[in-house]
Amino acid sequence: MELVATSRLRRSQDAALARRPYAEKIDEVIRHLNEAIPPEEGAPSLMESREPRNRVVVVLTTNRGLCGALNINTVRFALEHMEATQDAAELVLVGIGKVGLRMMRGSRRIIASFTEIPDRPGIDDVLPLARLVIDGFEAAEFDSVEVIYPEFVNTLVQRPVLFQLLPVRLPEEARERSPVDYIYEPTARRVLDNLLPRYVEMELYRAVLELTASEQSARMVAMRNATENASELIEDLTLSYNRQRQVTITNEMIDIASGASALAQ
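If you're wondering where the values come from, they're calculated on a predicted model, not measured in any experiment.

Participant: I'm lost on the layout of surface pockets in this one. Help?
Facilitator: Space left empty within the atom packing is revealed by a probe, the size of a water molecule, rolled over the atoms. Of the voids in this model, the second largest pocket is the one considered here, and its volume is about 160 Å³. Lining of the second largest pocket is provided by 15 residues; of these, N63, I117, P118, D119 and E215 occupy positions nearest its centre. The element that contributes the greatest number of residues to the lining of the second largest pocket is helix 5 (residues 188-264), accounting for four residues. Partitioned by chemical class, the residues of the lining of the second largest pocket number six nonpolar, six polar and three charged.

This is the structure we're talking about:
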């Protein structure tokens, strides 16, 4: 299992890292578009802030275990966040991954679950989830959508992180107006309205890729530790067996010698 996880890790890691520049660029494009919209037109529907009466938390975990404390840390982070932000708003869950769904069952109402994410996810695998949160937000069924997932830092470190998916918010450090004046056709508002759903899809896809890379790296490390622990246990048991065997042989030799000595007398 360590060798399998190692072979999959490189591919998952490359996919996760390759999406980060794209995510940064689409943030920049959305910021430029938002700056180009006249204030009187108002905010697009997916950027509309409203009182969070109904909150949704999307928690990403794995479908299989044997990956160390990855799922435990993610679920604990999610439960602590929900407990710390508990207010008058109704809070429900959307779960991705069988392990997390089992661990969170009973803590909050789960309105949807997705357990068929493959080891090599594509953008099509997150479209049902993206459609669920976008339609629910536009229909005012949800007022806020947050996503919690394990971020891949390196092979040894995967940390749970939280970001707000809906309404779409620009990063705090990216609120300065761009010095470049772009011309958008037909209008900046039309372009932004069509781009925001793609942005939501790509953010969810990026989170799933981070989850996959975190899972393979955590499993590789966990299986390596398990192999080392098993090897040490085998050595200890072999040493104990050899000692016991030596004691048995020594006792038998003493019995034989004693019997021969008794016969000689």
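Participant: How should I be thinking about unusual backbone geometry in this particular structure?
Facilitator: Among all residues save glycine, negative phi is the norm, and among peptide bonds the norm is trans. The omega torsion of the bond from L166 to P167 falls at -5 degrees, within 30 degrees of zero and hence cis. Tracing the chain through its elements places P167 in the loop between strand 5 (158-166) and helix 5. Of note, L66 is a non-glycine position whose phi angle comes to about 60 degrees, a positive value. Inspection of the secondary structure puts L66 in the loop between strand 1 (54-60) and helix 2 (70-84). When its relative accessible area of 53% is taken as the criterion, L66 is described as exposed. With a phi close to 65 degrees, A140 is a non-glycine residue in the positive phi region. Mapping A140 onto the fold places it in the loop between helix 4 (127-138) and strand 4 (144-152). Note on A140: relative accessible area 46%, which makes it partly exposed.

Participant: It is not clear to me how the sheet that holds strand 4 should be interpreted in this structure. Could you clarify?
Facilitator: What holds strands together in a sheet is hydrogen bonding between their backbones, with the strands either parallel or antiparallel. Taken in spatial order, the five strands make up an open sheet running 3-2-1-4-5, and their pairing is mixed. Looking at which strands have only one partner, the edges of the open sheet turn out to be strand 3 (109-114) and strand 5. Along the sheet, successive strands turn relative to each other by an average axial angle of 20 degrees, direction set aside. As paired strands, strand 1 and strand 2 (residues 90-96) are joined by seven bridges and run parallel to one another. Its bridge partner lying in strand 2, V57 is registered against L93.

Participant: So what exactly am I meant to see when it comes to the packing of aromatic side chains here?
Facilitator: Where two aromatic rings form a pair, the distance of their centres and the angle of their planes describe that pair. Counted by the stated rule, this structure contains one aromatic pair. For the pair Y149 and F163, a centre-to-centre distance of 5.9 Å together with 75 degrees between the ring planes defines the contact as edge-to-face. Note that Y149 is positioned in strand 4 and F163 in strand 5, a separation of 14 residues in sequence. In this structure, R50 is placed above the aromatic ring of F137, and the distance from its NZ or CZ to the ring centre is 4.1 Å. The lysine or arginine in question, R206, covers the ring of F163, its NZ or CZ lying 5.9 Å from the ring centre.

Participant: I keep staring at a nonpolar patch on the surface and nothing clicks. Help me out?
Facilitator: Taken together, the side chains of V153, L156 and V157 make up a nonpolar region of the molecular surface, amounting to roughly 260 Å² of accessible area. Relative to the helices and strands, V153 is located in the loop between strand 4 and strand 5. We classify V153 as partly exposed; its relative accessible area is 35%.

Participant: So what exactly am I meant to see when it comes to the side chain of E210 here?
Facilitator: Checked against the element boundaries, E210 lands in helix 5. Under the relative-accessibility criterion, E210 is labelled buried at 1%. If we ignore the near neighbours within four places in the chain, the residues touching E210 are A16, R20, Y149, P150, E151 and F152.

Participant: What should I look at first to understand the pairing of strand 3 in this one?
Facilitator: In the case of a regular strand, side chains alternate between the two sheet surfaces. Taken together, the five bridges between strand 2 and strand 3 define a ladder with parallel strand orientation. Counted as the bridge partner of L93 is I110 from strand 3. Read from strand 2 through helix 3 (residues 98-104) to strand 3, the crossover connection turns out right-handed.

Participant: It is not clear to me how the pattern of salt bridges should be interpreted in this structure. Could you clarify?
Facilitator: Pairing between side chains of opposite charge can happen when the charged atoms of each approach one another. Tallied over the full model, the rule gives 13 salt bridges. Note that R55 and E146 form a salt bridge whose closest N and O atoms lie 3.2 Å from each other. Taken as a pair, R55 in strand 1 and E146 in strand 4 lie far apart in primary sequence, 91 residues in all. Using a relative accessible area of 5% as the deciding quantity, one classes R55 as buried. Classification of E146 by relative accessible area gives buried; the value is 11%. With its nearest N and O atoms 3.3 Å apart, the salt bridge here joins R189 to D193. Note that R189 and D193 are positioned in helix 5 at a spacing of four residues, about one turn of the helix.

Conventions adopted
- Residues numbered from 1 in each chain as written.
- Predicted model: local features only at pLDDT ≥ 70, side-chain atom pairs only at ≥ 80, totals over all residues.
- Heavy atoms only, no water.
- 1 Å grid on protein atoms, 1.4 Å probe; cavity = no way out; pocket = protein on both sides within 12 Å on 5 of 7 lines; lining within 4 Å.
- Points joined across faces, edges and corners; volume = space filled by probe spheres on them.
- Helix = DSSP H or I, 4+ residues; strand = E, 2+ residues; numbered from the N terminus.
- Nonpolar A, V, L, I, M, F, W, Y, C, P; charged D, E, K, R; others polar.
- Buried < 20%, exposed > 50% of the residue type's maximum accessible area, 1.4 Å probe, protein only.
- Pairing = 2+ DSSP bridges.
- Axes fitted to C-alpha atoms, helices over the stretch in contact; angles between N-to-C directions.
- Phe/Tyr/Trp six-rings, centres within 6.5 Å; stacked < 30°, edge-to-face > 60°.
- Lys NZ or Arg CZ within 6 Å of the ring centre and 35° of its normal.
- Patch = residues over 30% accessible without salt bridge, like charges linked within 9 Å, V, L, I, M, F, W, Y side chains within 5 Å.
- Areas by Shrake-Rupley, 256 points an atom, 1.4 Å probe, with all protein chains shown as cover.
- Salt bridge = Lys/Arg side-chain N within 4 Å of Asp/Glu carboxyl O.
- Contact = heavy atoms within 4.5 Å.
- Right-handed = clockwise from strand over helix to strand, strands pointing away.

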